[in-house]
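Below are the chains, spelled out letter by letter.
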Amino acid sequence: MSNSTLPSPGLTAFDNAPAARADKKKGGFDWGRLVRYLLLFFFLIVVLIPVYVLVITSFKGIGDASPDRAWIFPQEFIGDNWLTAFFGDDLAKANPSIGAALGRTLLMVVPAAVISSFLGSMNGFVLSRWRFPYANVVFTLLLFGMFIPYQAVMVPLYRMMTELWKYTPLTQGTPSLILLHVIYGIPITTLIFRNYYQSVPKELIESAKVDGAGMLRTYSNVVLPISIPSFVVVLIWQFTSAWNDFLFAVFFGGNPGTQAPVTVTLNMIAKGSIMTDYGITMAAAFLASVPTLLIYVLLGKYFVGGLMAGSVKG
Amino acid sequence: MRLKFIAGLAAAALALTTLSACGTPETPPSSGGGEAPPADTATQSEVFTWWTSGSEALGLTALEGVLKAKYPNVEFVNGGVAGGGGSAKELLQSRLQAGDPPDSFQVHAGAEAQDYIKAGQVTDVSALYSEFGLTTVFPESLITLLTSEGKIYTIPSNVHRANVLWASVPVLEKCGLDTANAYYATIADFATALDKCKKAGVESPLAVGNTWTQVHLLETVLLADLGAEKYNGLFNGATDWAGADVKKALEDFAKLMSFTNADRDTIDWEPATTKVLDGTAAFNIMGDWVPALLDSKSLIAGKDYLYAASPGTEGSFDFLADSFSLTEGAPHPDGAKAWLDNISSKEGQIAFNKVKGSIPARTDIDLAAEGFSEYQQSAAASFARDAIVGSIQHGAAATIKQGNDTNTAVSKFTTSKMGAEDVATLQAALVAAYK
Amino acid sequence: MKKLKAYGPPVLMIAPSLILIGIFVYYLIFGSVQTSMTDIHELAQATGRQESHFVGLENYATLLTSPDFLHSLRNLLVYTLAFIAGTMFFGFLWAWLLDRRSKAEGVFRSLYLFPMAVSSVAAGVVWQWLLNSSTGQEASGLNRLFQYIGLGGLQNGWITDQDWGILGIAMPAIWQMAGYIMALFLAGFRGIPDELREAARVDGASEWKIYRYVLFPQLSPIALSALIILGHMSLKIFDLVVAITGGYTYYPTKVPAVDMAFYLNSGDYALASTVGVVLLLIILVLIVPYLVHVAKEDK
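Predicted model only: the values in this text are computed from it and were never measured.

**Q** I'd like a description of a nonpolar patch on the surface, backed by residues and values.
**A** Nonpolar side chains collect at one region of the surface, where Tyr52, Ile72, Phe73 and Phe77 of chain A together with Tyr148, Ile149, Leu151 and Leu154 of chain C lie side by side and expose about 810 Å² of accessible area between them. As for its placement among the helices and strands, isoleucine 72 of chain A is situated in the loop between helix H1 (31-57) and helix H2 (80-87). Exposure remark for isoleucine 72 of chain A: the relative accessible area of 38% places this residue in the partly exposed category.

Written as structure tokens, this is what we have:
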């Protein structure tokens with residue numbers, strides 16, 4: 001990669017967050033800006049078209065929610081869809097509760113994302129800046145794990161997990177999912193951190209080495225603090241993929257009705273009957289994506305302001 | 001040995017992650033162990049179904065209620081997983097092969113159960129048939145279809161009919177067709193009616209949905225053209241899939257497909273059937289779960305819509321049934337037996353089918369007295385009277401694999417130009433699938 | 001001894017990952033390769049009720065001469081090209097548009113990212129509606145929308161075309177992932193110190209040249225990561241196909257991962273494993289250039 005050939009920016013360059021790169025024009029109407037905003041709005045509308053269908057359908061009753069009427073407003077707004085989706089239909093048990101599933105899923109996804117981020121960061125650091133013989137081979141071996149065809153290994157994987165449950169019965173359900181997301185997250189988290197650390201000025205780490213700091217200390221005192229931007233990226237990634245994962249969730253999530261994550265619950269609502277109630281399904285789908293959306297809104301901020309700042313604080 | 005070692009390693013790793021997981025571990029579901037409690041103490045019954053929402057879930061809840069009344073010491077554990085994308089069957093298979101089976105699982109009665117029988121995953125329940133007195137209350141032809149080499153492995157809880165034609169009265173009027181009776185004696189007659197509709201300005205008079213509904217249509221055409229006996233022969237080698245009569249049926253199927261809606265591959269059965277209810281199509285051939293949709297639109301039989309046996313199939317009952325197994329190596333065999341007694345009992349079949357809209361497999365229930373709908377009563381009468389044949393799409397006549405291969409072949413066919421060459425390809429694929 | 005001290009800690013640090021990947025990836029892949037060389041085409045063989053035999057590469061021959069599987073491979077190729085091109089294009093464009101601090105940037109950014117938060121189960125239902133293949137009078141979905149906005153000429157059958165239907169699946173996939181690529185590129189843009197651009201400007205470089213010689217090289221590691229992420233997602237494309245087409249058997253949009261699930265569902269473990277191994281081999285071929293790149297970079 002080219003970063004080493006470029007003039008390595010001195011540390012001082014990082015002292016200030018970059019000034020806003022607003023197009024400064026000396027007087028006159030800023031046409032470029034207008035075009036830019038128009039384009040941004042246009043794409044926003046394009047992106048939101050499916051969301052529009054999702055949201056208006058969530059207010060429709062059974063006959064009303066159909067592909068023919070996808071664009072049309074509900075004949076009658078049925079807000080109850082949202083209540084049923086969130087709380088479930090406890091009395092009649094015709095629908096499981098998304099609300100309960102959200103809580104369970106958070107308990108699974110947060111540890112999964114955090115643990116795999118740390119693992120990835122350690123691996124990335126070792127593989128990029130604290131090298132050992134055959135580091136590239138090891139990196140390749142780890143990376144290749146990303147491509148494992150899950151469907152083909154599901155049956156033996158299930159058998160392996162059952163063996164595991166025999167020894168540690170308490171690990172069924174959530175802990176199993178955490179384990180699997182951590183393991184199958186290793187390749188991608190390692191890749192992202194390794195690429196990031198490659199771009200960190202070598203001097204930073206070399207200077208720590210000169211100070212006589214061992215690897216672990218270098219990692220915790222120098223590397224970790226500057227890793228925030230990558231942590232944001234990796235956390236977002238792992239959070240999203242664990243959150244939206246369906247395959248592992250349905251196989252290893254424990255009892256589908258009472259223990260499994262939100263995607264399984266959503267699928268139970270959407271496909272659990274010969275007749276789909278699209279209104280409740282869409283409301284449930286929207287509720288199921290709210291936590292991920294929140295993460296984007298909250299951490300997204302970090303992305304912008306924090307990226308450069310993050311690498312200075314070290 | 002190697003597996004154990006590896007599992008040990010993984011266990012160590014898992015212990016680490018468990019420590020860091022902040023949630024308290026859930027109570028472990030009943031699995032892994034083979035420690036069935038003695039019959040007189042409390043036990044449980046984990047039942048694996050794909051009924052997780054809507055009327056199916058309500059029916060399951062009703063069954064749970066009956067179980068509680070009959071067997072107060074059996075705790076019902078709902079292991080239901082929705083079937084979307086087939087994930088339910090894969091999960092079930094993984095559990096069975098890993099020695100972590102549910103006590104009883106749902107399977108389409110008939111050929112689909114064959115896979116599990118051959119794989120040694122279900123137990124012979126013939127003895128339970130006599131114990132529960134089922135041999136005389138199920139129709140003989142149903143028992144024949146369920147029997148495999150003299151043994152029966154599953155017990156049906158409910159029955160649906162696949163060969164039903166649904167028609168829109170206003171559209172029939174517009175087309176100038178009979179608005180009192182929607183039965184057509186042959187596929188040719190039906191095609192004539194469709195043609196008439198098209199000329200009257202109904203762009204796609206026959207509504208159909210994505211691949212599985214097309215296979216559903218195909219099986220009713222096969223049944224019409226071959227007749228019940230030859231149709232049943234398709235699955236035991238007596239009828240040749242390569243024969244001229246099958247070819248004729250495939251051509252008829254292509255003909256019918258030419259009257260169908262362009263968006264068929266992007267809609268499921270409900271939007272397809274809704275086309276009939278909304279008056280944009282005249283006909284739809286679909287199983288008798290349609291009434292649930294009709295009720296949601298408050299339509300009235302005879303006035304708004306008609307139903308009849310699908311063209312050319314009067315006197316045949318193309319059946320599909322959900323049934324339950326006693327799993328080989330079930331952790332709680334007593335719980336499983338309680339469940340099987342429950343679903344096959346009068347109370348259970350009444351409670352479940354009234355909610356789900358299907359009909360009981362038992363013929364000793366007075367549907368009118370129990371308050372079943374008019375349609376259900378008529379379907380039950382046909383079930384007791386007609387020649388019973390098994391559905392291809394719904395696993396009664398075709399194994400999972402055969403059903404899958406049929407779907408792929410039909411999908412390839414209906415997305416092609418459906419010319420003579422394509423018919424030949426389809427027929428060849430079907431021959432291969434059922435050889 | 002000294003060597004041990006130098007190499008010990010890094011090896012220890014990476015060992016847990018290696019062991020886990022060894023068990024959960026390579027051991028399982030090894031099992032798949034084994035199964036792919038047997039004739040386990042029935043469930044009864046998988047459970048040992050019926051005999052199974054070693055058949056060498058027969059399953060590979062079966063698949064690679066089957067027009068239906070070649071159709072899947074071709075679909076995968078078309079899909080991958082469209083998906084990567086689409087996400088990279090929109091991702092880059094949006095990042096570029098947002099790079100010069102805009103008002104309400106956070107709103108745009110979050111909303112562009114939103115599709116990624118929608119699970120495939122839900123996205124599948126919505127897109128199945130949008131990709132409705134009726135045109136003209138009976139049109140709904142996007143085709144109807146085209147009519148509303150006077151672009152009726154754009155109507156088409158989307159996923160129903162046997163040759164190009166797979167592009168209909170690429171659309172929702174691009175919709176889902178473009179926002180993430182935007183975020184990556186945005187981070188990349190922001191990671192480039194202004195001084196670099198300023199210095200280039202002072203030197204009189206044109207905007208294009210600044211991009212060509214200053215920004216693009218800085219973005220290339222990000223582009224590479226993005227390519228790998230997208231590549232691995234596209235090879236595994238599964239959820240959307242199943243959700244939109246309602247199963248494993250829709251012919252026009254068949255792809256290998258769906259075939260794999262199809263065979264698994266049929267109890268044909270031999271062919272399911274064979275498809276899996278074929279996918280891995282394809283990846284192996286594609287990943288070689290990247291490895292060469294990594295090796296070069298080290299020198």
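That covers the picture; the talk isn't over yet.
**Q** Mind laying out the pattern of salt bridges, listing which residues take part and the relevant values?
**A** Inspection of the entire model under this criterion finds 22 salt bridges over all chains. Aspartate 64 of chain A is the salt-bridge partner of arginine 69 of chain A, the closest N and O atoms lying 2.8 Å from each other. When its relative accessible area of 5% is taken as the criterion, aspartate 64 of chain A is described as buried. For lysine 412 of chain B, the salt bridge goes to aspartate 68 of chain C, with nearest N and O atoms at 2.8 Å. Taken as a pair, lysine 412 of chain B in helix H16 (residues 400-414) and aspartate 68 of chain C in helix H4 (residues 67-99) lie in two separate chains rather than in one. Within this structure, Glu46, Arg95 and Asp100 of chain B form a network of salt bridges that share partners.

**Q** Just give me the short version of the sheet that holds strand E8 (residues 206-207) of chain B, but keep the residues and values in it.
**A** By definition, the strands of a sheet pair up through backbone hydrogen bonds, in either a parallel or an antiparallel sense. All names here are of chain B. The four strands lie next to each other as E8-E9-E7-E10, forming an open sheet whose pairing is mixed. In this open sheet, the two edge strands, each paired with only one partner strand, are E8 and strand E10 (305-309). In this fold helix H8 (residues 187-199) packs onto strand E7 (164-168), E8 and strand E9 (283-285), with an angle of close to 145° to the strand it touches most, E9.

**Q** Can you explain the domain arrangement of chain B? Please cite residues and give values.
**A** Size of an interface: often given as the accessible area lost when the parts come together. Residues and elements named next belong to chain B. For chain B, the assigned domains are domain 1 (44-160 + 320-388) and domain 2 (164-318 + 394-433). Using C-alpha coordinates to define each centre, domain 1 is positioned 28 Å away from domain 2. In this assembly, 23 residues from domain 1 lie in contact with 19 residues from domain 2. Looking only at domain 1, the three residues that lose the most surface to domain 2 are His160, Leu320 and Tyr375, adding up to 36% of its buried area. At the junction of domain 1 with domain 2, the criterion picks out zero salt bridges. For the pair domain 1 and domain 2, the number of links is nine residue pairs in polar contact (both at pLDDT 80 or more). Elements with a contribution of two residues or more to the side of domain 1 that touches domain 2: helix H4 (111-118), strand E6 (154-161), helix H15 (374-385) and strand E12 (387-390). With six residues, the single largest contributor to the side of domain 1 that touches domain 2 is H15. Taken together, the residues of the side of domain 1 that touches domain 2 sort by class into eleven nonpolar, seven polar and five charged.

Criteria and thresholds
Residues numbered from 1 in each chain as written. Chains lettered and ligands numbered in written order. Predicted model: local features only at pLDDT ≥ 70, side-chain atom pairs only at ≥ 80, totals over all residues. Heavy atoms only, no water. Patch = residues over 30% accessible without salt bridge, like charges linked within 9 Å, V, L, I, M, F, W, Y side chains within 5 Å. Areas by Shrake-Rupley, 256 points an atom, 1.4 Å probe, with all protein chains shown as cover. Salt bridge = Lys/Arg side-chain N within 4 Å of Asp/Glu carboxyl O. Helix = DSSP H or I, 4+ residues; strand = E, 2+ residues; numbered from the N terminus. Buried < 20%, exposed > 50% of the residue type's maximum accessible area, 1.4 Å probe, protein only. Pairing = 2+ DSSP bridges. Contact = heavy atoms within 4.5 Å. Axes fitted to C-alpha atoms, helices over the stretch in contact; angles between N-to-C directions. Domains from an automatic or database assignment. Buried area = accessible area lost by both parts, 1.4 Å probe. Polar contact = N/O pair within 3.5 Å; in protein donor to acceptor, adjacent residues only side chain to side chain. Nonpolar A, V, L, I, M, F, W, Y, C, P; charged D, E, K, R; others polar.

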